[in-house]
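One letter stands for each residue in the lines below.
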Amino acid sequence: MKRSRFPMAVTASVLVFFYLPIAVLVVNSFNASVYGGRWEGFSLRWYAKLAGQREILHALENTLLIAVSATLVSCALGTLAAFALHRYRSALQRWHFTLIYTPLVVPEILMGMSLLLTFVAAGVRLGLFTIFLAHVTFCISYVAMVVLARLQDFDFSVIEAAQDLGANAWVTARRVLAPMLAPGIASGALLALTLSIDDFVISFFVAGPGSTTLPIRIYSMIKFGSPAMLNALSTLLLVVTFTLVWTSQHLITKGEQAK
Amino acid sequence: MADFLEIEDVSRHFRNIRAVDHVSLTVRKGEFYSLLGPSGCGKTTLLRMLAGFERPDTGRIRLDGRDITDLPPHKRTVNTIFQNYALLPHLTVRQNIAFGLQVQKKMPRKEIDEAVDRMLSLVQLESQADKKPGLLSGGQKQRVAVGRALILQPQVLLLDEPLAALDLKLRQKMLMELDLIHDQVGITFIYVTHDQGEAMSLSDRIAVMNNGRIEQVGKPAEIYEAPRSSFVAAFIGDTNFFEGQVLELVGDEYSRLNISGFADLVCFNDKKISAGNPVFLSIRPEKFHIGRNRPELSPKHNIVRGRVEDIIYLGGMTKYWVQAEGHKISITRQHSRFFLDEEPIRWNDDVWVWWHADDGFMLERYSEADENLVSLPPDASGTAETAQ
Ligand SMILES: Nc1ncnc2c1ncn2[C@@H]1O[C@H](COP(=O)(O)OP(=O)(O)O)[C@@H](O)[C@H]1O
Ligand SMILES: [Mg+2]
């Protein structure tokens, strides 16, 4: 029987549609030409030039600061939320779950706007702190969901087993709970980190003077800066994002194999 | 020997459920002691109180003269084999077995390693030592759980239905291994099960539980041959129940009974139930004799006439159901010379059924809960299990 070529063709088109623009971007970042379009030879000049841009470095600093702090806080809160959701079942917990789940489906523009209105109404000055708060709100949800998924098949009787063998609460937390949940928490953390570094819409709403993040900087560079330098910057961002997502996936699958 | 573990008037309620209801037991040192009862009768709850995971509402627990009622689990010299083993999935077999010694910091590392090696060989897991539990079979997991607990040399080892998750063949093998291990280490075992066969074959003594209470404590043979209640009689093995009344005492040890349809029966009466009281006469299926011809019998025998309703040939033995004066009697007979019997008994044969007065036992009061068991003796425990 001759196999139809159709599915293969569809797959190929989809992949091209998704990845061609990215490939063009990456290739162009090594193009000596100022405007792309035509290949004028391999060059790292845009990367070199990037390193000299004070504003970009400052934006990168802001982004990393926010990403790391938001990740840490949302990891702690998200893990606790997941624990509570898993351990106690009640009507209140269904509301809790809905609350945690909502940020995953609400349009970003809505979240950005409502956060902005809240901050303004509360008289909080817009800046790094408001971006941090905004990122924590949505990162908690992602962390909680990832950790919750890991907890679904967590057998709590191992905690009793550890106590039975002579481990007190602290030793149990350190030698049993932490290692067993670490892959889940870590993959949640990496996801939070990625989302925070990437976020544009929400950050754009709640950013203030001097708190420009990298995605916002890139947006303004489209208007004023050189597009070639943008390609280089985007490629770097791409590498970082891919690494984080890949590591996170790897941790999840590894965690599943360990069972 | 002195009492080693004393459970004194211990109760535990969950909302309106009396999971364990004023239980008092004493266990001797080195004993293999079973808690036997249907699912939901409170065995696990009692065991969890011994391990320290549940606090009793009333009562005290003493181990080797020391009150341990308020001690948290990690401070008790008692270890548990959990129903689902609860192995630590992120540690290897070796690390699982070493875990207790490591966290208790009882000895230097080198000695721990040596102790673990010895334990690995005792539970025959040397070749699996570096595997994670996820890769082990059910029987191997079970051995890790046993090794992990025994290495701490607990004063008491608690086992919660340790064989329930295994298939029949493996269960029999592990049964023998557990017995062997108990003989080797000499630790007191408290073994929870709903399987009377397991309890019978392993135990020095058995406590039969029902509805959170202890019905009877005794050696396996005592529990089988002289049950104290209709629940015990029905739960341990099969039995026939006949409802009736005591007519009069005969001598010191026997009574004459009136059971509807039958002529007067004589029965051993060690409980001295006085005349006029309602009783159950319980007779195990294997205690009956069955034959087509009326034999010559001593006055200590009872005999009734009936008709064979059903026969099941089981190889080593045959089960008969005989309809006699409105009673359906279940009988099992071993036969050493089945084919040599001149005339095997067949369906609808008229037969004589007889038994010795000493082979029946009388049970005085029965509770409402027992009543269900009385109408359905062999199956009642089975239906209770599926509910869980
Ligand atoms: N944590 C608990 N909360 C509420 N009820 C419980 C709890 N643990 C046990 N029970 C109830 O107590 C009774 C005895 O349970 P258990 O000790 O597990 O019985 P067994 O081990 O003999 O099957 C059951 O009716 C069970 O539903
Ligand atoms: Mg149980």
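Note that the coordinates shown come from a computational prediction; the quantities given were computed from them, not determined experimentally. (Residues numbered from 1 in each chain as written. Chains lettered and ligands numbered in written order. Predicted model: local features only at pLDDT ≥ 70, side-chain atom pairs only at ≥ 80, totals over all residues. Heavy atoms only, no water.)

A.B. asks: Explanation requested: the overall build of chain A in the structure shown.
C.D. replies: Secondary structure assignment for chain A yields 11 helices and 0 strands. Sequence-ordered secondary structure for chain A, helices as α and strands as β, is α-α-α-α-α-α-α-α-α-α-α. For chain A, the C-alpha atoms occupy an extent of roughly 70 × 70 × 35 Å along the three principal directions. In chain A, which comprises 259 residues, the share counted as buried stands at 42%. Contacts in chain A between residues at least 24 apart in sequence constitute 72% of all its contacts with a sequence separation of at least 6. Split by element, the accessible area of chain A, about 14,800 Å² in all, is 71% carbon and sulfur. If you average the places of the 18 positive and of the 11 negative side-chain charges in chain A, the two averages end up 7 Å apart. (Helix = DSSP H or I, 4+ residues; strand = E, 2+ residues; numbered from the N terminus. Buried < 20%, exposed > 50% of the residue type's maximum accessible area, 1.4 Å probe, protein only. Contact = heavy atoms within 4.5 Å. Areas by Shrake-Rupley, 256 points an atom, 1.4 Å probe, with all protein chains shown as cover. Lys, Arg positive; Asp, Glu negative; His and termini not counted. Charge placed at Lys NZ, Arg CZ, Asp CG, Glu CD.)

A.B. asks: Looking at this model, I keep getting lost on the overall build of chain B. Mind explaining?
C.D. replies: A count of helices and strands for chain B gives 10 helices and 20 strands. A buried classification covers 50% of the 388 residues belonging to chain B. Across chain B, every contact between residues at least 6 apart in sequence was considered, and the portion connecting residues at least 24 apart equals 67%. Carbon together with sulfur atoms contributes 47% to the accessible area of chain B, which is approximately 18,600 Å² in total. Side-chain charges in chain B split into 47 positive and 54 negative, and the spacing between the mean points of these groups amounts to 7 Å.

A.B. asks: Would you mind going over the sheet that holds strand 10 (residues 213-218) of chain B with me for this structure?
C.D. replies: Note on sheets: strands pair through backbone hydrogen bonds, and any given pair is parallel or antiparallel. Residues and elements named next belong to chain B. Read from one edge to the other, the open sheet built from 6 strands follows the order 6-7-8-3-9-10, with strand pairing classed as mixed. Two strands close off the open sheet at either side, each with one partner strand: strand 6 (78-81) and strand 10. On average, adjacent strands in this sheet sit at an angle of 20 degrees to one another, irrespective of strand direction. Helix 1 (residues 43-51) rests against strand 3 (32-36), strand 6, strand 7 (156-160), strand 8 (188-193) and strand 9 (205-210) of the sheet, and its axis sits at about 150 degrees to strand 7. Running over the sheet, helix 5 (residues 168-185) touches strand 3, strand 7 and strand 8 and is turned about 160 degrees from strand 8. (Pairing = 2+ DSSP bridges. Axes fitted to C-alpha atoms, helices over the stretch in contact; angles between N-to-C directions.)

A.B. asks: How do you make sense of the site of ligand 1 when you look at a structure like this?
C.D. replies: All names here are of chain B. Not every one of the 12 residues close to ligand 1 is listed here, only the nearest: Gly40, Gly42, Lys43, Thr44 and Thr45. Contact between ligand 1 and Gly42: an oxygen atom at 3.1 Å from a main-chain N or O atom of the residue. In this structure, Lys43 approaches ligand 1 through a side-chain N or O atom, which is 2.9 Å from an oxygen atom. Taking 560 Å² as the accessible area of ligand 1 by itself, protein coverage stands at 65%. Residue assignment for the shell around ligand 1 shows that the elements contributing at least two residues are strand 2 (17-28) and helix 1. Ranked by residues supplied to the shell around ligand 1, first place goes to helix 1 with 3 residues. (Near = heavy atom within 4 Å. Polar contact = N/O pair within 3.5 Å; in protein donor to acceptor, adjacent residues only side chain to side chain.)

A.B. asks: Hey, could you run me through the state of the cysteines in this one?
C.D. replies: A covalent bond bridging the sulfur atoms of two cysteines is what the word disulfide describes. Residue and element names in this part refer to chain A. Enumeration over the complete set of coordinates arrives at 0 disulfides over all chains. The thiol of Cys139 is unpaired, and the distance to the nearest cysteine sulfur, on Cys75, comes to 8.7 Å. Under the relative-accessibility criterion, Cys139 is labelled buried at 0%. (Disulfide = S-S within 2.5 Å.)

A.B. asks: Looking at this structure, I do not really get the interface of chain A and chain B. What am I missing?
C.D. replies: For an interface, size is often stated in terms of accessible area lost upon the parts coming together. Across the contact, 19 residues belong to chain A and 23 residues belong to chain B. Summed over the three residues of chain A that lose the most area to chain B, namely Asp164, Leu165 and Arg175 of chain A, the buried surface amounts to 38% of that side. Put simply, chain A and chain B have 1 salt bridge between them. Note that Glu160 of chain A is salt-bridged to Arg48 of chain B, the shortest N-O span being 2.8 Å. (Buried area = accessible area lost by both parts, 1.4 Å probe. Salt bridge = Lys/Arg side-chain N within 4 Å of Asp/Glu carboxyl O.)

A.B. asks: Explain the pattern of salt bridges here, please?
C.D. replies: Between side chains of opposite charge, a pair can form as their charged atoms come close. Applying the stated criterion to the full structure yields 25 salt bridges over all chains. Arg292 of chain B is the salt-bridge partner of Asp349 of chain B, the closest N and O atoms lying 3.1 Å from each other. Placement of Asp349 of chain B in the loop between strand 18 (327-334) and strand 19 (350-356) and of Arg292 of chain B in the loop between strand 15 (289-291) and strand 16 (301-313) is noted, with a sequence separation of 57 residues between them. Overall, Asp349 of chain B belongs to the buried group, its relative accessible area being 16%. Among the charged side chains, a salt-bridge network with shared partners connects Glu160 of chain A together with Arg12, Arg48, Glu54 and Asp57 of chain B.

A.B. asks: How should the pairing of strand 6 of chain B be read in this particular structure?
C.D. replies: The two faces of a sheet get side chains in turn, since along a regular strand they alternate between them. Residue and element names in this part refer to chain B. Burial along strand 6 is two-sided: the face carrying Val78 and Thr80 and the face carrying Asn79 and Ile81 are both buried. Sheet topology places strand 6 next to strand 7; 4 bridges connect them, and they run parallel. If you follow Thr80 over to strand 7, its bridge partner there is Leu158.

A.B. asks: Just checking my understanding: could you explain the sheet that holds strand 14 (residues 278-283) of chain B for this structure?
C.D. replies: All names here are of chain B. Strand order in the open sheet formed by 5 strands is 13-12-11-14-20, and the pairing between neighbours is antiparallel. Strands at the two margins of the open sheet, each flanked by one partner only, are strand 13 (265-268) and strand 20 (360-363). Strand after strand, the sheet turns through a mean of 45 degrees between neighbouring axes, direction not considered. Inspection of the sheet shows strand 11 (residues 240-250) paired to strand 12 (residues 254-259) by 6 bridges, in the antiparallel sense. Note on strand 12: the bridge partner recorded for Glu248 is Arg256.

A.B. asks: Which parts of the structure should I look at to understand the packing of helix 3 (residues 54-87) of chain A against helix 4 (residues 91-105) of chain A?
C.D. replies: When two helices pack together, their arrangement is given by the angle between the helix axes and the distance between those axes. All names here are of chain A. Closest axis-to-axis distance for the helix 3/helix 4 pair is 10 Å, and the angle between their directions is 145 degrees. With respect to the hand of their crossing, helix 3 and helix 4 are arranged in left-handed fashion. Together, Ala81, Ala84 and Leu85 of helix 3 and Gln93, His96, Phe97 and Ile100 of helix 4 make up the contact between the two elements. A breakdown of the residues in the contact of helix 3 with helix 4 according to their chemical character gives 5 nonpolar, 2 polar and no charged. (Left-handed = near helix turned anticlockwise from the far one by under 90°. Nonpolar A, V, L, I, M, F, W, Y, C, P; charged D, E, K, R; others polar.)

That's the geometry; what it means functionally is another story.
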